[in-house]
Amino acid sequence: MWQRSALVMVFIVIGLIIVEAIDAATHYDLDSAGIEPRRIDGLDGIVWSPFLHANWDHLWTNLAVGVVLGFLLLLARRFLFVTAVVWITSGLGVWLFAPSGSVTVGASGVIFGWLAYLLVRGLFNRNLWQILGGLVLLLVYGSVLWGVLPTDPTVSWQGHLFGAIGGVLAAWFLADRDRRRRSPGNAAAGGPPMPGVSQ
């Protein structure tokens, strides 16, 4: 299982590096496809923004945290659903609340969502091991969470904040769904199990 998770992350990293190489070779013209707040033609930036980065330093900074969190999320078999939720939530948050005239790129909103999900899922699941794992992550990466505050005008705190909100929402939804699947009432009724949302 861990080998497959590691392989998936390797492919993701290679893909992001290739995109950044193309972006740099074209003098960062691709970055214009990022999120443009409150413009209808800027909505598609929600799809492209996490693939794009302002420069190599921006990419390496995101990868330093994102590789670890993405790997852990893949191990948890929740990667696709959680990523989709935080991707959309973060992107919409930027589109609605970022400054007019700005263009936002980068995967940090998704990464904040991954972190938030891994931090709180144990609380929603009432799982001691997941809670302990969340505490370890908090000790290691807790300082990153300051990024949800508007402390740097060059950093999209909106993407970070709404990404984190998306992570919490994903943890709540999955825990609630799993509890309903395990409830005695559902088993007694003999109904089919609720469809799973996992990798």
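Sequence positions are assigned chain by chain, starting from 1 and proceeding in written order. Residue-level local features of this predicted model are given only where pLDDT is at least 70; pairs of side-chain atoms are given and counted only at 80 or more, and the full residue set underlies all totals for whole chains, interfaces and linings. In computing side-chain properties, one takes all heavy atoms of the structure into account and sets aside hydrogens as well as water.

Next up on the list: the packing of aromatic side chains. Only Phe, Tyr and Trp rings are paired, with Trp represented by its six-membered ring, and only when their centres lie within 6.5 Å; those with planes under 30 degrees apart are stacked, over 60 edge-to-face, the remainder tilted. Summed over the entire model, instances satisfying the criterion amount to five aromatic pairs. Here Phe97 and Phe162 contribute two aromatic rings whose centre-to-centre distance is 5.4 Å and whose plane-to-plane angle is 10°, an arrangement assigned as stacked. With Phe97 in helix H4 (residues 79–97) and Phe162 in helix H7 (residues 157–182), this pair connects stretches of sequence that are 65 residues apart. Strands here mean DSSP runs of E at least two residues long; helices mean DSSP runs of H or I at least four residues long; both are numbered from the N terminus.

Using a grid of 1 Å spacing that covers the protein atoms alone, one calls a set of points a cavity when a 1.4 Å probe fits there but cannot get out, and a pocket when the set is open and has protein on both sides within 12 Å along at least five of seven lines; lining residues are those with an atom within 4 Å of a point. Grid points are joined across faces, edges and corners, and a volume is the space filled by probe spheres set on the points. Roughly 730 Å³ of volume is contained in the largest pocket. Together, 30 residues line the largest pocket, and His58, Thr154, Val155, Ser156 and His160 are the ones closest to its centre. Breaking the lining of the largest pocket down by element, the ones donating at least two residues are helix H3 (56–75), helix H5 (108–125) and H7. Per element, the largest residue contribution to the lining of the largest pocket is five residues, and it comes from H3. Looking at the lining of the largest pocket residue by residue, the class counts come to 15 nonpolar, twelve polar and three charged. The volume enclosed by the second largest pocket comes to roughly 310 Å³. Side-chain classes follow a simple rule in which Ala, Val, Leu, Ile, Met, Phe, Trp, Tyr, Cys and Pro form the nonpolar group, Asp, Glu, Lys and Arg form the charged group, and the remainder, Gly included, forms the polar group.

Here we take up the nonpolar core. Among buried residues, the Ala, Val, Leu, Ile, Met, Phe, Trp, Tyr and Cys ones that are joined through side-chain atoms within 4.5 Å form a nonpolar core. Each residue gets one of three labels from its accessible area relative to the maximum for its type: buried under 20%, exposed over 50%, partly exposed in between, using a 1.4 Å probe on protein chains only. Leu69, Leu73, Val82, Trp114, Tyr117 and Leu137 are the most contacted members of the largest nonpolar core, which has 23 residues in total. Listing elements by their share of this core, those giving two or more residues are H3, H4, H5, helix H6 (128–141) and H7. No other element matches H5, which puts eight residues into this core. For Trp114, the contacting residues outside a window of four places in its chain are Gly66, Leu69, Gly70, Leu73, Phe79, Val82, Thr83 and Val86. Counting five residues, the second largest nonpolar core, distinct from the first, contains Ile35, Ile46, Val94 and Ala98. Any two residues whose heavy atoms approach within 4.5 Å at even a single point are treated as in contact.

This part covers empty space enclosed by the protein. Counted by the stated rule, this structure contains one cavity of 30 Å³ or more. Approximately 130 Å³ is the volume attributed to the largest cavity. Along its surface, the largest cavity is lined by 17 residues, and Ser49, Ser90, Val94, Gly106 and Gly109 are the ones closest to its centre. For the lining of the largest cavity, the elements supplying multiple residues, two or more each, are H4, H5 and H7. Considering each element in turn, the lining of the largest cavity owes the most residues, four residues, to H4.

Let us look at the packing of H3 against H4. Remark: H3 packs on H4, axes separated minimally by 8 Å, with the N-to-C direction vectors making an angle of 130°. Considered as vectors, H3 and H4 are oriented oblique to each other. Residue-level inspection shows Gly70, Leu73 and Leu74 of H3 in contact with H4, the latter providing Phe79, Val82 and Thr83. Of the residues belonging to the contact of H3 with H4, the class tally is four nonpolar, two polar and no charged. Helix axes are fitted to C-alpha atoms over the stretch in contact, other axes to C-alpha atoms as well, and angles between N-to-C directions run from 0 to 180 degrees. Between 65 and 115 degrees an angle is taken as roughly perpendicular, under 35 as roughly parallel, over 145 as roughly antiparallel, and anywhere else as oblique.

Quick look at the UniProt feature "transmembrane region" (unreviewed entry) in the protein now. In the numbering adopted here, UniProt assigns the feature "transmembrane region" (unreviewed entry) to residues 58–75, 80–98, 104–124, 131–149 and 155–175. Secondary structure content for residues 80–98 is 95% helix and 0% strand, while the C-alpha to C-alpha distance between its ends is 26 Å. UniProt positions are given in the numbering used here, feature names are shortened, and annotations may be inferred rather than shown by experiment.

Glancing now at the side chain of Ser156. With respect to the helices, strands and loops of the structure, Ser156 is situated in the loop between H6 and H7. Those residues within four positions of Ser156 in sequence are excluded, and the remaining contacts are Val94 and Thr104.

What follows is about the UniProt feature "domain: Peptidase S54 rhomboid" (unreviewed entry) in the protein. Mapped onto this numbering, the UniProt entry gives "domain: Peptidase S54 rhomboid" (unreviewed entry) at residues 46–175. A helix fraction of 72% and a strand fraction of 0% characterise residues 46–175, whose end C-alpha atoms lie 26 Å from each other.

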